Amino acid sequence: MSARKTPISPFNGDALAEAARRILRGELVAVPTETVYGLAADATNPEAVARIYAAKGRPSFNPLIVHVRSLVQAEWIAYFNSDALALARAFWPGPLTLVLPRRATSGLAPAVSAGLPTVALRMPKHHIVQALLTLAERPLAAPSANRSGSISPTTATHVAESLGEDAPMILDGGPTERGVESTIVAVGPQGARLLRPGPISVEQLRDAGMSLALSGGSGIEAPGMMASHYAPSKLVRLDAIEAATDEWLIGFGPVEGDESLSAKGDLAEAAANFFAALHRAEAAPPARIAVAPIPDTGLGAAINDRLRRAAAPRPETT
Ligand code: TXA
Ligand code: MG
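Quick caveat: nothing in here was measured; it's all calculated off a predicted structure.

1. Section: the overall build of the protein chain
- Scanning the protein chain from N- to C-terminus turns up 9 helices and 15 strands.
- Its C-alpha radius of gyration of 19 Å places the protein chain within 12% of the 20 Å reference for a compact globule of 318 residues.
- Across its three principal axes, the protein chain shows a C-alpha extent of roughly 60 × 55 × 35 Å.
- For the protein chain, buried positions account for 53% of its 318 residues.
- Partitioning the intrachain contacts of the protein chain with sequence separation of at least 6 by distance along the chain shows that 67% fall at a separation of at least 24.
- Surface summary for the protein chain: the accessible area is close to 13900 Å², and the carbon and sulfur share equals 54%.
- Charged side chains in the protein chain number 29 positive and 31 negative. The centres of these two groups are separated by 6 Å.

Structural data, given as C-alpha cells:
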C-alpha cells in the first residue's frame, strides 16, 4: 500500500482555485454534477483529453460529453436547430445531454467526439461544476469518473476507489442528487432520438413538445451503450422477490431486501440511491446480486436501463 495522500478535497474557495489551475495546466479534476461525478479536463486541450481516456481505460471510439456554462458557449461549439433550442431552454441547466452537429470552428480537441461529426453537450446544474466552468473559462470534457465499464460514482469515495492511483484531485460535494447519468437525446434534421434514458424522462420530453423516436434495434449510436456497459463484478438477477442463499437483495417498495432503494417506492429516491446500492452489493459477502422489480415509468426507465446492462451476459470474464 502506498502512503499516497487522499485525493479528496472538501469544496471551498482554495480547492476551487487549485482545481481551475489544474484544468488550465491540462490536468484532470473529478467534480460532482447533479447526476454522477465527472472526470473533467479542458475540452480544447488534446493532451488533457487524452489523459481522460488513459485514466478511465476508455476505448478511444467512445466519445465524451462536453459541459458548458451557457447556451452561448454551447452555440459556439455546435449547431442548434429549433428542436435543440427548445430542449436546451426547457431543461438546461439540468441532466439532459444533446448530441448535435459540431461546428468546424468549435475549438474542441478532435478526440472529444472520437471522430464523429457530432458532439454531446450538456449544461450541468450542480454549483461546483458550474463554479469550475466559470473560473476555468473552458468547456469541460467529462465522462463519469469511474474505470471504463464499471459502476458510475455518486460519491467522492466511489471515484477514489474506482480510479485508485489514477484518481486526480477530487472535489467533494457529497452524494449526488439525481444518481443516474443524464438523459441523452440526439437532435438532427430527422428529429429527436433518445440515445440514453435518464433523469429527464421520456414523458417530460414529450410534455415539452418533442416527438421522440426511441433508439433501439440495430446499431449502437451512443457507443457507451453496449449491452454490458454498467457491469458490476458479480452476477445480477432482476425482478427478484426473494433472495437465494448466495444473493444480496436490493429491495424496492414492498420488497424489503438487504437494503432498499426506496421503501416507500419513490423512483427519484431510488435513482439517487441506485449506484451506491450497487457498490454496497458488490462489497457485501454474498456472491451474487438480486434486485427487486422496478416500475418502468418515469425515472424507473433509466434505472431499468442500467439494470438490464448490469445483468447482461458478459462478453468476456477475464
Ligand atoms: O450525467 C452524465 O451524463 C455524466 C456527467 C459526468 O455529466 N457523464 C456521463 O458521461 O455519463 P459518460 O462518458 O459516462 O457517458 C457519455 C455517453 C456515452 O455513452 C457516449 O458514448 C455518449 O455519451 N456520447 C458522447 N458523445 C456522443 C456522440 N457524439 N454521439 C453519440 N453518443 C455520444
Ligand atoms: Mg459512464
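2. Some points on the domain arrangement of the protein chain
- For the protein chain, the domain assignment lists domain 1 (8–213) and domain 2 (236–317).
- One C-alpha centre belongs to domain 1, the other to domain 2; they are set 26 Å apart.
- Taken together, the contact pairs 18 residues of domain 1 with 15 residues of domain 2.
- When domain 1 packs against domain 2, the two sides together hide about 1300 Å² of surface, and 65% of this comes from carbon and sulfur.
- The tally of links from domain 1 across to domain 2 stands at 1 salt bridge.
- A salt bridge links E181 to R306, with the nearest nitrogen and oxygen atoms 2.9 Å apart.
- Where domain 1 meets domain 2, there are 5 residue pairs in polar contact (both at pLDDT 80 or more).
- In the side of domain 1 that touches domain 2, the residues fall into 6 nonpolar, 7 polar and 5 charged.

3. What to know about the site of ligand 1
- Taken together, 27 residues form the shell around ligand 1, and within it T35, R58, N62, H67 and S182 come nearest.
- Within the contact set of ligand 1, an oxygen atom lies 2.5 Å away from a side-chain nitrogen or oxygen of S182.
- Contacts to ligand 1 include R196, whose side-chain N or O atom sits 3.0 Å from an oxygen atom.
- Bound to the protein, ligand 1 loses 97% of the 680 Å² it would expose on its own.
- Among the secondary structure elements, those contributing two or more residues to the shell around ligand 1 are β4 (65–67), β6 (118–122) and β10 (191–196).
- The leading source of residues in the shell around ligand 1 is β6, at 4 residues.
- Across the shell around ligand 1, the residue classes break down as 14 nonpolar, 8 polar and 5 charged.

4. Notes on the sheet that holds strand β13 (residues 247–251)
- Across the sheet, 4 strands lie side by side as β12-β15-β13-β14; this open sheet has parallel pairing. Across the chains shown, the open sheet's two edge strands, defined by having one partner strand only, are β12 (236–237) and β14 (259–260).
- As defined by bridge partners, β12 adjoins strand β15 (residues 288–291) across 2 bridges and the pair is classed as parallel. In the sheet register, R237 faces β15, and the bridge partner there is A290.
- Relative to the sheet, helix α8 (residues 267–283) contacts β13, β14 and β15, its axis offset from that of β13 by approximately 165°.

Definitions and cut-offs
- Residues numbered from 1 in each chain as written.
- Chains lettered and ligands numbered in written order.
- Predicted model: local features only at pLDDT ≥ 70, side-chain atom pairs only at ≥ 80, totals over all residues.
- Heavy atoms only, no water.
- Helix = DSSP H or I, 4+ residues; strand = E, 2+ residues; numbered from the N terminus.
- Rg over C-alpha atoms; globule rule 2.2 N^0.38 Å.
- Buried < 20%, exposed > 50% of the residue type's maximum accessible area, 1.4 Å probe, protein only.
- Contact = heavy atoms within 4.5 Å.
- Areas by Shrake-Rupley, 256 points an atom, 1.4 Å probe, with all protein chains shown as cover.
- Lys, Arg positive; Asp, Glu negative; His and termini not counted.
- Charge placed at Lys NZ, Arg CZ, Asp CG, Glu CD.
- Domains from an automatic or database assignment.
- Buried area = accessible area lost by both parts, 1.4 Å probe.
- Salt bridge = Lys/Arg side-chain N within 4 Å of Asp/Glu carboxyl O.
- Polar contact = N/O pair within 3.5 Å; in protein donor to acceptor, adjacent residues only side chain to side chain.
- Nonpolar A, V, L, I, M, F, W, Y, C, P; charged D, E, K, R; others polar.
- Near = heavy atom within 4 Å.
- Pairing = 2+ DSSP bridges.
- Axes fitted to C-alpha atoms, helices over the stretch in contact; angles between N-to-C directions.

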